2 protein chains.
Amino acid sequence: MPEEKRAAPPGITEIEAAALRLAPHAVMTPLLSSPNVDARLGFRLLIKAENLQRTGSFKFRGALNALLSLDGVSRKRGVVAYSSGNHAQGVAAAAQLLGVPATIVMPADAPAIKAANTKAYGAEIRFYDRYKESREAIAGRIAEESGAALIPPYDDARVIAGQGTAGLELVRQARAMGLALDAVLAPCSGGGLIAGVALAVKSLSPGTSVYSAEPVTVDDMRRSLEAGEIRANDPAARSICDCLLAPQPGDIPFAVARKLLSGGLTVSDDQARRAMALAFADYKLVLEPGGAVALAAALAMKESWRGKTIAVIASGGNVDREIFTEALARAAD
Amino acid sequence: MPEEKRAAPPGITEIEAAALRLAPHAVMTPLLSSPNVDARLGFRLLIKAENLQRTGSFKFRGALNALLSLDGVSRKRGVVAYSSGNHAQGVAAAAQLLGVPATIVMPADAPAIKAANTKAYGAEIRFYDRYKESREAIAGRIAEESGAALIPPYDDARVIAGQGTAGLELVRQARAMGLALDAVLAPCSGGGLIAGVALAVKSLSPGTSVYSAEPVTVDDMRRSLEAGEIRANDPAARSICDCLLAPQPGDIPFAVARKLLSGGLTVSDDQARRAMALAFADYKLVLEPGGAVALAAALAMKESWRGKTIAVIASGGNVDREIFTEALARAAD
């Protein structure tokens, strides 16, 4: 039987517990700064480099926290997850680490690097058509037939608590640098990362504003926040940010976001590309387009941040060579 | 008057002192691993990501340690340095941090990104012809005329102690991961990094072997180690590794290397490019060619490392877009 969905958001206690649980396995990713960039921008920019996390994205945190919460019987039955690629790799790597069989439901047009890595972590992949089939239905069927536990990508308290550990680290690293954070920005798709980060940041540093960042074509969180209720994306909407294409915010993430976020920011694909180019040139980081949207949003708002200290989460770096080099070339034009 | 050259190598006490001095300013760069890569290679590979250091290379460590050792009068007179680019940025950034005027003697064909950043850190640049003029002579003249202190790129105990802090961190980070290091590899040009790292590693972990890595066309350290005395490079030798073109090992670095190194490894430009591509795809790191030679050497020796734990220092990431994307494309062929 699949694990029942955890319907209440985690508290700071659950995030702290997740941090302890993850410590032996997850990378304490650095919080990077560049005085040259800061001088150019007129504000202090901190980048939490989650692209350096195991599997190349923050998703490893939530996946491992969820898997560590399974009992021995559930672990033997295995896990199933649906994902455009980063959650897939996170679950596959966490499952391999714990010796748990994993099946991943992935869109057929996921970046080659994400599918290849998921397979390399020993998971079985079931491809589907992103625009015609329901990944939730396919994963649900597999869970029912095999008894595997479903590890949801974001609408799950264990997953959100795991992602929140990135926010916990960020606040503590900034403090160790003697810095008070005016705002924290994180990319948003289903909302697991932004919810976990908002919970951690607002608990440790209530005066810090937290914003979600999304591609302007799939701005479901921004519209949901403005409407006060969940709004879905146009299923026909496209973006270069392949990791940010969830149909709408998850229930738990949205409940958290509505309470804690100061707003939802959006960026164009070209702004994401320019942020990738900045991360390359000034921080020596490889970011995927979706992993760069919080950075892009911070750059776009530079007039508002003058003199402030702004941290962004660079959430992932799983990008094929062609997309990366094209982004650098277009940003240089 | 220029600072007198520090002729004896630093001890572990000086490296520990440098680490304390640098702590508020330098990045504690992560020691990264990828279980997928390890499975492919058959050994455990750890990458110390010094490309994420301030200024994009380890050089900031040695430069800042040297500048912090200057008294108030010397700081007012300023500093002068010669460098193909990474030491230039390290000295310029350290000088800016401490409010010290800096003049940098740079080859006219240094990568654009390195010259631009050096200027952005507020330093004055004096360009010279790498193949016709003596950078030592030009810098010496500036030091004599202005009273500025010369900050040598590698043949200096303060600089070597600063670079050694990367080795100190590396050993401690590996221990925190529960790992004993079989070998540590670091890129080598004049030898400041490899000397500092060898001193730190051999002091904390005497059983660990330390190797230098160089481009095969400028393999002065390997030939010097084999000859038992310093050998220079052919002045006509070329390599894509623009940061590794020092004419020969420095006196202090060579004395240290002769005593502590297990050997000198060499790689081709294409091997460096393939290492850059691996760092991009599997570690999300932007490396410059010279910053990737220790990684390249580790990859080339994979048969010898079977089952072992090998750490490499990825020493820098200051690479122009064209060189980087060309390296990824050629490695993919």
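Residues numbered from 1 in each chain as written. Chains lettered and ligands numbered in written order. Predicted model: local features only at pLDDT ≥ 70, side-chain atom pairs only at ≥ 80, totals over all residues. Heavy atoms only, no water.

### What to know about the overall build of chain A
Stage number 1. The secondary structure content of chain A amounts to 14 helices and 10 strands.
Stage number 2. Relative to its length of 333 residues, chain A is compact, with a C-alpha radius of gyration of 18 Å against a globular reference of 20 Å.
Stage number 3. Taken along the three principal axes of its C-alpha coordinates, chain A extends 55 × 40 × 40 Å.
Stage number 4. Going through the 333 residues of chain A one by one, you find that 62% of them count as buried.
Stage number 5. Long-range contacts, defined as pairs at least 24 residues apart, comprise 74% of the intrachain contacts of chain A with a sequence gap of at least 6.
Stage number 6. Working note: accessible area of chain A is about 11,700 Å², and carbon and sulfur atoms make up 51% of it. (Helix = DSSP H or I, 4+ residues; strand = E, 2+ residues; numbered from the N terminus. Rg over C-alpha atoms; globule rule 2.2 N^0.38 Å. Buried < 20%, exposed > 50% of the residue type's maximum accessible area, 1.4 Å probe, protein only. Contact = heavy atoms within 4.5 Å. Areas by Shrake-Rupley, 256 points an atom, 1.4 Å probe, with all protein chains shown as cover.)

### Overview of the confidence of the model for chain A
Do not read the fine detail of predicted coordinates wherever pLDDT is low.
Stage number 1. On average, chain A scores 95 in pLDDT, and the residues at 70 or more come to 98%.
Stage number 2. Across the interfaces of the predicted complex, the ipTM metric reaches 0.94, alongside a pTM of 0.95. (pLDDT = per-residue confidence, 0-100.)

### So, the sheet that holds strand S8 (residues 209-215) of chain A
Residue and element names in this part refer to chain A.
Stage number 1. Spatial strand order, S1-S2-S10-S7-S8-S9: six strands in an open sheet with mixed pairing. Each edge of the sheet is formed by a strand with only one pairing partner; in this case those strands are strand S1 (31-32) and strand S9 (263-267).
Stage number 2. Against the sheet, helix H12 (residues 269-283) contacts S1, strand S2 (44-49) and S9, and its axis sits at roughly 85 degrees relative to S9. (Pairing = 2+ DSSP bridges. Axes fitted to C-alpha atoms, helices over the stretch in contact; angles between N-to-C directions.)

### A few points about the sheet that holds strand S4 (residues 102-107) of chain B
Note: strands within a sheet are paired through backbone hydrogen bonds, in either parallel or antiparallel orientation.
All names here are of chain B.
Stage number 1. In space, the four strands of this open sheet follow the order S5-S4-S3-S6, with parallel pairing throughout. The open sheet is flanked by strand S5 (124-128) and strand S6 (149-150), the only strands paired with a single partner.
Stage number 2. Both strand S3 (residues 79-82) and S6 contribute to a ladder of two bridges, which runs parallel. In the strand pairing of S6, Val-79 is matched with Ala-149.
Stage number 3. In the packing of helix H7 (residues 135-146) onto the sheet, contacts are made with S3, S4, S5 and S6, and the angle to S3 comes to roughly 175 degrees.

### Notes on the nonpolar core
Stage number 1. Within the largest apolar cluster, 91 residues are counted, with the highest numbers of intra-cluster contacts made by Leu45(A), Leu185(A), Leu285(A), Leu295(A), Leu45(B), Leu185(B) and Leu285(B).
Stage number 2. When residues no more than four places from it in sequence are discounted, the contact partners of Leu185(A) are Tyr211(A), Leu265(A), Ala294(A), Ala297(A), Ala298(A), Trp305(A), Ile310(A), Ala311(A), Val312(A) and Ile313(A). (Core = buried A, V, L, I, M, F, W, Y, C linked by side-chain atoms within 4.5 Å.)

### So, the pairing of S8(A)
All names here are of chain A.
Stage number 1. In terms of burial, S8 is a largely internal element, six of the seven residues being buried.
Stage number 2. Direction of pairing for strand S7 (residues 183-187) relative to S8: parallel, over a ladder of five bridges. In the strand pairing of S8, Leu-185 is matched with Tyr-211.
Stage number 3. Taking the sense of rotation as the criterion, the β-α-β connection linking S7, helix H9 (residues 192-204) and S8 turns out right-handed.
Stage number 4. Pairing geometry for S8 and S9, over five bridges, is parallel. By the bridge assignment, Ser-212 is partnered in S9 with Gly-264. (Right-handed = clockwise from strand over helix to strand, strands pointing away.)

### Quick word on the relation of the copies chain A and chain B
Stage number 1. Of the two same-sequence chains, chain A is brought onto chain B (RMSD 0.0 Å, axial shift 0.0 Å) by a rotation of 180 degrees. Here the symmetry operator amounts to a two-fold rotation axis. Taking C-alpha positions as the reference, the residue of chain A nearest the rotation axis is Leu285(A), at 2.6 Å. (Least-squares fit on C-alpha atoms with pLDDT ≥ 70 in both.)

### Things to note about unusual backbone geometry
Residue and element names in this part refer to chain A.
Stage number 1. In this structure, Thr-55 is a non-glycine residue whose phi angle is positive, near 75 degrees.
Stage number 2. With respect to the element layout, Thr-55 can be found in the loop between S2 and helix H3 (59-68).
Stage number 3. Judged by relative accessible area, Thr-55 falls into the buried class, the value being 8%.

### Thoughts on the packing of aromatic side chains
Residue and element names in this part refer to chain A.
Stage number 1. Throughout the structure, instances matching the rule amount to seven aromatic pairs over all chains.
Stage number 2. A ring pair is formed by Tyr-211 and Trp-305, whose centres lie 5.9 Å apart and whose planes are at 70 degrees; its orientation type is edge-to-face. Remark: Trp-305 occurs in the loop between helix H13 (293-300) and strand S10 (309-314) and Tyr-211 occurs in strand S8; sequence separation between them is 94 residues. Trp-305 shares its class with Tyr-211; the two are buried. (Phe/Tyr/Trp six-rings, centres within 6.5 Å; stacked < 30°, edge-to-face > 60°.)

### Points about the interface of chain A and chain B
Stage number 1. Counting residues at the interface gives 29 residues for chain A and 29 residues for chain B.
Stage number 2. When chain A packs against chain B, close to 2,400 Å² is buried across both sides, 66% of that on carbon and sulfur atoms.
Stage number 3. Inspection of the region where chain A meets chain B yields zero salt bridges.
Stage number 4. Of all the elements in the fold, those that place two or more residues in the side of chain A that touches chain B are helix H2 (35-41), helix H6 (112-120), H12 and helix H14 (321-332) of chain A.
Stage number 5. Per-element tally for the side of chain A that touches chain B: the top contributor is H14(A), with six residues.
Stage number 6. A breakdown of the residues in the side of chain A that touches chain B according to their chemical character gives 18 nonpolar, seven polar and four charged. (Buried area = accessible area lost by both parts, 1.4 Å probe. Salt bridge = Lys/Arg side-chain N within 4 Å of Asp/Glu carboxyl O. Nonpolar A, V, L, I, M, F, W, Y, C, P; charged D, E, K, R; others polar.)

### Digging into the side chain of Asp219(A)
Stage number 1. When you line up the elements, Asp219(A) lands in the loop between S8 and helix H10 (220-227).
Stage number 2. With residues near it in sequence (within four places) discarded, Asp219(A) still touches Glu214(A), Asn233(A) and Thr266(A).

### Details of the environment of Ser268(A)
Residue and element names in this part refer to chain A.
Stage number 1. Looking at the element boundaries, Ser-268 is found in the loop between S9 and H12.
Stage number 2. Since its relative accessible area comes to 27%, Ser-268 is described here as partly exposed.
Stage number 3. In this structure the C-alpha to C-alpha distance between Ser-268 and Ser-239, which are 29 residues apart in sequence, comes to 8.5 Å.

### Brief notes about the pattern of salt bridges
All names here are of chain A.
Stage number 1. One pass over the full model with this rule turns up 38 salt bridges over all chains.
Stage number 2. The shortest N-O distance in the salt bridge between Lys-48 and Glu-169 comes to 2.7 Å. Within this pair, whereas Lys-48 is found in strand S2, its partner Glu-169 is found in helix H8 (residues 157-176), the two being separated by 121 residues in sequence.
Stage number 3. Judged by its relative accessible area of 0%, Lys-48 falls in the buried class.
Stage number 4. A relative accessible area of 15% means that Glu-169 is categorised as buried.
Stage number 5. Taking the shortest distance from any N to any O, the salt bridge between Arg-306 and Glu-303 comes out at 3.4 Å.
Stage number 6. On the basis of relative accessible area, Glu-303 is assigned to the exposed category, the value being 57%.
Stage number 7. One continuous salt-bridge network, built from bridges that share partners, spans Lys-48, Glu-50, Arg-61 and Glu-169.

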